[in-house]
Amino acid sequence: MLTVRAPATSANLGSGFDVFGVALGTPADVIRVERAPETTITVTGAGSEYIPEDPAKNTVGAVAKALDAPARIRIDKGVRPSSGLGSSAASAAGAAVALNALYDRGRSRRELVPVAAEGEALVSGEAHADNVAPALLGGFTIVTDDGVTQVDAAVPVVACLPEISVSTRDARGVVPDSASMDDVVDTVGSAATLTVGMTRDDPDLVGSGMRDDIVTPERTKLIDGYESVREAALEAGATGVTVSGAGPGILAVCRRREQRAIASAMVDAFDAAGVESRAYQTAIGEGATLYRDGS
Ligand SMILES: Nc1ncnc2c1ncn2[C@@H]1O[C@H](COP(=O)(O)OP(=O)(O)OP(=O)(O)O)[C@@H](O)[C@H]1O
Ligand SMILES: N[C@@H](CCO)C(=O)O
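Predicted model, so just to flag it, every value in this text is computed and none were measured.

### Some thoughts on the layout of surface pockets
Space left empty within the atom packing is revealed by a probe, the size of a water molecule, rolled over the atoms.
Link 1 in the chain: In this structure, the largest pocket occupies an estimated 750 Å³ of space.
Link 2 in the chain: Contributing to the lining of the largest pocket are 41 residues, with Pro 81, Ser 82, Ser 87, Ser 88 and Thr 168 lying nearest its centre.
Link 3 in the chain: Secondary structure elements with two or more residues in the lining of the largest pocket: helix H2 (87-102), helix H3 (109-124) and helix H5 (168-172).
Link 4 in the chain: The residue makeup of the lining of the largest pocket includes at least three contributed by each of domain 1 (2-151 + 284-291) and domain 2 (156-281).
Link 5 in the chain: The computed volume of the second largest pocket comes to approximately 260 Å³.
Link 6 in the chain: Around the second largest pocket, the lining comprises 16 residues; the ones closest to its centre are Asp 212, Thr 216, Tyr 226, Arg 230 and Val 241.
Link 7 in the chain: When contributions to the lining of the second largest pocket are tallied by element, the ones reaching two or more residues are helix H7 (203-208), helix H8 (216-220), helix H9 (226-235) and strand S8 (240-243).
Link 8 in the chain: Partitioning the lining of the second largest pocket into residue classes produces four nonpolar, seven polar and five charged.

### Notes on empty space enclosed by the protein
Link 1 in the chain: Scanning the entire structure with this criterion turns up one cavity of 30 Å³ or more.
Link 2 in the chain: Looking at the largest cavity, its volume works out to about 50 Å³.
Link 3 in the chain: If you go around the largest cavity, the residues you meet are Asn 12, Gly 14, Phe 17, Asp 212, Val 215, Thr 216, Arg 219, Val 243 and Gly 245.
Link 4 in the chain: Taken together, the residues that form the lining of the largest cavity break down as three nonpolar, four polar and two charged.
Link 5 in the chain: When residues of the lining of the largest cavity are assigned to domains, at least three fall in each of domain 1 (2-151 + 284-291) and domain 2 (156-281).

### What to know about the site of ligand 2
Link 1 in the chain: Around ligand 2, the neighbouring residues are Ala 11, Asn 12, Phe 17, Asp 18, His 128, Asp 130, Asn 131, Thr 168, Arg 172, Arg 219, Gly 245 and Ala 246.
Link 2 in the chain: A distance of 2.5 Å separates a nitrogen atom of ligand 2 from a polar side-chain atom of Asp 130.
Link 3 in the chain: Within the side chain of Asn 131, one N or O atom sits 3.2 Å away from an oxygen atom of ligand 2.
Link 4 in the chain: The protein chains hide 96% of the 260 Å² of surface that ligand 2 would expose on its own.
Link 5 in the chain: Classifying every residue of the shell around ligand 2 by side-chain character gives three nonpolar, five polar and four charged.
Link 6 in the chain: Counting contributing residues, the shell around ligand 2 receives three or more from each of domain 1 (2-151 + 284-291) and domain 2 (156-281).

### Re the sheet that holds strand S7 (residues 156-162)
Link 1 in the chain: What the four strands build is an open sheet, ordered S8-S9-S7-S10; its pairing is antiparallel. Edge positions in the open sheet fall to S8 and strand S10 (277-283), since each of these has one partner strand only. Taken pair by pair, the neighbouring strands of this sheet meet at an average axis angle of 20°, ignoring direction.
Link 2 in the chain: By the bridge criterion, four bridges tie S7 to strand S9 (residues 250-253) in an arrangement that is antiparallel. Opposite Val 157, over in S9, you have Val 253 as the bridge partner.

### Some remarks on the domain arrangement of the chain
Link 1 in the chain: Each assigned domain of the chain is listed with its residue range as follows: domain 1 (2-151 + 284-291) and domain 2 (156-281).
Link 2 in the chain: Contacts between domain 1 and domain 2 engage 29 residues on the former and 37 residues on the latter.
Link 3 in the chain: Of the roughly 2,300 Å² buried between domain 1 and domain 2, counting both surfaces, carbon and sulfur atoms make up 60%.
Link 4 in the chain: At the junction of domain 1 and domain 2, the tally comes to two salt bridges.
Link 5 in the chain: Between Asp 18 and Arg 172 there is a salt bridge, with the nearest N and O atoms lying 2.7 Å from each other.
Link 6 in the chain: In this structure, the connection of domain 1 to domain 2 is made through 11 residue pairs in polar contact (both at pLDDT 80 or more).
Link 7 in the chain: Among the elements of the structure, strand S1 (2-11), strand S2 (20-35), H3 and strand S5 (140-144) are those that each provide at least two residues to the side of domain 1 that touches domain 2.
Link 8 in the chain: Here the side of domain 1 that touches domain 2 gets five residues from one element, more than from any other, and that element is S2.

### Focus on helix H1 (residues 59-66)
Link 1 in the chain: Summarising burial for H1: six of the eight residues are buried, a large majority.
Link 2 in the chain: Residues Thr 59, Val 60, Gly 61, Ala 62, Val 63 and Ala 64 constitute the buried set of H1.
Link 3 in the chain: Lining the buried residues of H1 we find strand S3 (40-45), strand S4 (71-77), H2 and H3.
Link 4 in the chain: Between the side-chain oxygen at the start of H1 and the backbone nitrogen of Val 60 there is a gap of 3.0 Å, and the oxygen is on Asn 58.
Link 5 in the chain: Among the residues trailing H1, Asp 68 stands out with phi positive, at a value near 50°.

### Examining unusual backbone geometry
Link 1 in the chain: Between Thr 26 and the following residue, Pro 27, the backbone shows a cis peptide bond with an omega angle of -5°.
Link 2 in the chain: Cis geometry is found at the peptide bond from Gly 247 to Pro 248, where omega equals 5°.
Link 3 in the chain: In this structure, Pro 248 sits in the loop between S8 and S9.
Link 4 in the chain: Positive phi is not limited to glycine here, since Asn 12 has a value of about 80°.
Link 5 in the chain: In this structure, Asn 12 sits in the loop between S1 and S2.

Reading guide: rules and limits
Residues numbered from 1 in each chain as written. Chains lettered and ligands numbered in written order. Predicted model: local features only at pLDDT ≥ 70, side-chain atom pairs only at ≥ 80, totals over all residues. Heavy atoms only, no water. 1 Å grid on protein atoms, 1.4 Å probe; cavity = no way out; pocket = protein on both sides within 12 Å on 5 of 7 lines; lining within 4 Å. Points joined across faces, edges and corners; volume = space filled by probe spheres on them. Helix = DSSP H or I, 4+ residues; strand = E, 2+ residues; numbered from the N terminus. Domains from an automatic or database assignment. Nonpolar A, V, L, I, M, F, W, Y, C, P; charged D, E, K, R; others polar. Near = heavy atom within 4 Å. Polar contact = N/O pair within 3.5 Å; in protein donor to acceptor, adjacent residues only side chain to side chain. Areas by Shrake-Rupley, 256 points an atom, 1.4 Å probe, with all protein chains shown as cover. Pairing = 2+ DSSP bridges. Axes fitted to C-alpha atoms, helices over the stretch in contact; angles between N-to-C directions. Contact = heavy atoms within 4.5 Å. Buried area = accessible area lost by both parts, 1.4 Å probe. Salt bridge = Lys/Arg side-chain N within 4 Å of Asp/Glu carboxyl O. Buried < 20%, exposed > 50% of the residue type's maximum accessible area, 1.4 Å probe, protein only.

Pasting the structure below:
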């Protein structure tokens, strides 16, 4: 049996829609695999009641098929589905690493990115890789048609998850078809600033580079309490706040010393808006970790 811990991820970071992603220290899915004649899946943990065990409908089933690696797969969900923290991608990336090792397929982590993205295609209709890339490679990733660029980064963040669901499919439905040149210029400036910030582990540059006036404003309308939570986080010291992935999770970038205050401020602001929530005080971290038997 092989076990993989596959991290939550946060895609977009505002200015990098469908391009940027980061791996988070917590939460994470744990995937266990054993060789079997046919793929079977069991799911336990956070939100497991909403996740199909049919291999034709689960992201790990798509990965097993793509690697021609049938297995008994057990998923213990730490990343709640439809949260904006790359739940479907965590399982897909974890299964890709585990099954690649189980069947000695010899694929590199980079080569596993399109394999894990097959799982994303199953649930959202598109094989976007901005969650699976950081889940596999760790740190900060930039996904384009030409491939993936990765840098290690260790910036503190708070990821606040409200007890509401927004499916990626629905959140993609509100993405505008076009943007003004002014907004495009502003977003390019933000994205460039954020990228430099990641290479320097600089929360100020990363936070100020998260601004996006094209996609994010449409998505915040799907999240009850978003504006008050954002303001509360900024007042408590966050250097930048945006929607995590397709939402409803909200990501705040910060310095370590303000992290705890920001987490409480975000949970309190959601509470005042009548929404229960949970905040993870974590940091940009490592990609999926493989544990062999007994290790
Ligand atoms: N192994 C899996 N883990 C989680 N969700 C899964 C899995 N397999 C299938 N799904 C389905 O995928 C959907 C959740 O994926 P979705 O992309 O909407 O959320 P997310 O991965 O948390 O968000 P985001 O990509 O915005 O960070 C749910 O409908 C869920 O049933
Ligand atoms: N880039 C994707 C991430 C969600 O899976 C989106 O925002 O729709």
